[in-house]
Amino acid sequence: MSRMGDVLAGFHAAWEFESDSVLIRYERGIRAPKLFQALGERRVPLEAIAGVTLTRGKRGTVVLRMEPRPGADPLMEAAAGQLKESGDPYRLVLPADREVLAEYYADELRALLTESGPADRFLVKPPEGPMSFKAYDGKATFDGRTVNFRWFWTGASSAKWKAGDQSFSVGELNGVEWRSPEVFEGHLRLLQRDAGTAGVQADQDPAAVVFGLGYGPVHESLPFAAAVLAAVRTSSPVAAVPAPRRDPADIAERIRHLGELHQAGLVTDEEFSVKKAELLSEL
């Protein structure tokens, strides 16, 4: 760029141009997309950018957009093309009267780009943890090494209650499947190494949490998915870490709910006995 530290401010974000990267600072105001508020700021190395476009926007605006290389950004990889245009973190919307200035910066950026095609590793840093969010059927937490699902008795299926709360080391995982909560059957599914989930609905899969109205919103579940995906890509397969012992009151509550499932005919006598024994062994 002609001057390091040049800033181009638009609606809900500002781009600061450096010699080797673009620092995007997102607005935190109530009118800004919640995903932008959650991201705060992101540094995008020039090697992560495949191209730059400038197009006419709606209602007297122009849109400057950086095109990330496939595989360069864990957030965009997890999103897999499901983000709405207004929530695209690589778009900078400006008033139409700043089109000439925007074109200048677009040309300056294009002149510095030297990479194209898929990246062989993530070049943009993932959102930082620890992270958590509430899905419809459970709470998901991630500490950078382990993903935990704790089921809600009000939403989890009997299949998930039978399986019990889940804990997954990133070394056990092969990837993440995020389906936006803004579409039908939104969910976050952890893809386990050597474990097939084809044909298994998310509400029946203990390696998935289900979204719903007000649950697993994009600004919470997508950064979570991106952080897990980045950790998976940089980890080596490891043995699962045994789950810690649980609170006796929690065990008692789960046995009570298991009894309700048994009385309702959703759990067989054998399944009830086996699962009750498993829960008692965790005390």
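Quick notes on the rules
Residues numbered from 1 in each chain as written. Predicted model: local features only at pLDDT ≥ 70, side-chain atom pairs only at ≥ 80, totals over all residues. Heavy atoms only, no water. Buried < 20%, exposed > 50% of the residue type's maximum accessible area, 1.4 Å probe, protein only. Helix = DSSP H or I, 4+ residues; strand = E, 2+ residues; numbered from the N terminus. Pairing = 2+ DSSP bridges. Core = buried A, V, L, I, M, F, W, Y, C linked by side-chain atoms within 4.5 Å. Contact = heavy atoms within 4.5 Å. Salt bridge = Lys/Arg side-chain N within 4 Å of Asp/Glu carboxyl O. Polar contact = N/O pair within 3.5 Å; in protein donor to acceptor, adjacent residues only side chain to side chain. pLDDT = per-residue confidence, 0-100. Expected span 1.5 Å × (residues − 1). Arc of directions from axis to C-beta. 1 Å grid on protein atoms, 1.4 Å probe; cavity = no way out; pocket = protein on both sides within 12 Å on 5 of 7 lines; lining within 4 Å. Points joined across faces, edges and corners; volume = space filled by probe spheres on them. Nonpolar A, V, L, I, M, F, W, Y, C, P; charged D, E, K, R; others polar. Axes fitted to C-alpha atoms, helices over the stretch in contact; angles between N-to-C directions.

## With respect to the pairing of strand β8 (residues 131–134)
(1) Moving on: The two faces of β8 differ: Met131 and Phe133 on one face are buried, but Ser132 and Lys134 on the other face are not.
(2) Moving on: As paired strands, β8 and strand β9 (residues 138–142) are joined by 4 bridges and run antiparallel to one another. Opposite Met131, over in β9, you have Phe142 as the bridge partner.
(3) Moving on: The loop that links β8 with its antiparallel partner β9 comprises 3 residues.

## Quick look at the nonpolar core
(1) Moving on: Grouped together as the largest cluster of nonpolar side chains are 68 residues, with contacts concentrated most on Leu64, Leu188, Phe224 and Val228.
(2) Moving on: Sort the elements by how many residues they give to this core and helix α5 (residues 218–233) lands first, with 11 residues.
(3) Moving on: Residues in contact with Leu188, not counting those within four places in the same chain, are Phe133, Val176, Glu177, Trp178, Ala207, Ala208, Val209, Phe211, Phe224 and Ala225.

## Some thoughts on the environment of Ala106
(1) Moving on: Tracing the backbone shows Ala106 in helix α3 (residues 99–112).
(2) Moving on: Residue classification places Ala106 among the buried residues on the basis of a relative accessible area of 0%.

## Considering unusual backbone geometry
(1) Moving on: For His12, which is not a glycine, the phi torsion comes out positive at approximately 75°.
(2) Moving on: Of note, His12 is situated in the loop between β1 (6–9) and β2 (13–17).
(3) Moving on: Its identity is not glycine, yet Ala80 carries a phi of approximately 50°, on the positive side.
(4) Moving on: Here Ala80 shows up in the loop between α2 (74–79) and β7 (91–95).

## Focus on the pattern of salt bridges
(1) Moving on: Applying the stated criterion across every chain, the model contains 13 salt bridges.
(2) Moving on: Between Glu177 and Arg189 there is a salt bridge whose closest N-O contact spans 3.0 Å. One end of the pair, Glu177, is in strand β12 (residues 173–179); the other, Arg189, is in strand β13 (residues 187–192), with 12 residues separating them in the sequence.
(3) Moving on: Relative accessible area serves as the criterion here: at 7%, Arg189 is assigned to the buried category.
(4) Moving on: Here the salt bridges do not stand alone but share partners, grouping Glu16, Arg25 and Glu41 into one network.

## What about the environment of Tyr105?
(1) Moving on: As for its placement among the helices and strands, Tyr105 is situated in helix α3.
(2) Moving on: For Tyr105, a relative accessible area of 5% translates into the label buried.
(3) Moving on: Note: C-alpha distance between Tyr105 and Leu54 (51 residues apart in sequence) is 10.0 Å.
(4) Moving on: In this structure the side chain of Tyr105 is engaged in a polar contact, spanning 3.2 Å, whose partner is the side chain of Asp6.

## Some words on the confidence of the model for the protein chain
(1) Moving on: Confidence in the prediction for the protein chain averages 89 pLDDT; 92% of positions are at 70 or higher.
(2) Moving on: Here residues 239–243 scores under 50 on pLDDT; set against residues more than four positions off or in separate chains, the count is 1 contact.

## Some points on α3
(1) Moving on: Here α3 spans 20 Å end to end across 14 residues, near enough to the 20 Å set by a 1.5 Å rise per residue.
(2) Moving on: When we look at burial in α3, the residues that qualify are Ala102, Tyr105, Ala106 and Leu109. All buried residues of α3 fall inside an arc of 105° around its axis, so they share one side. In this structure, α3 carries Val100 and Ala111 as exposed residues pointing more than 90 degrees from its buried face.

## Section: empty space enclosed by the protein
(1) Moving on: Taken as a whole and assessed by the stated rule, the structure comprises 1 cavity of 30 Å³ or more.
(2) Moving on: Taken as a whole, the largest cavity holds about 50 Å³ of empty space.
(3) Moving on: Contributing to the lining of the largest cavity are Trp161, Gly164, Arg254, Leu258, Lys275 and Leu279.
(4) Moving on: Broken down by secondary-structure element, the contributors of at least two residues to the lining of the largest cavity are α6 (248–263) and α7 (269–281).
(5) Moving on: Residues belonging to the lining of the largest cavity are distributed by class as follows: 3 nonpolar, 1 polar and 2 charged.

## Description of the sheet that holds strand β5 (residues 49–56)
(1) Moving on: The 3 strands lie next to each other as β5-β6-β7, forming an open sheet whose pairing is antiparallel. Each of the sheet's edge strands pairs with one partner strand only, and the pair in question is β5 and β7. Going across the sheet, the axis of each strand differs from the next one's by a mean of 15°, ignoring polarity.
(2) Moving on: Contacting β5, β6 (61–68) and β7, α3 runs over the sheet at an angle of about 165° to β5.

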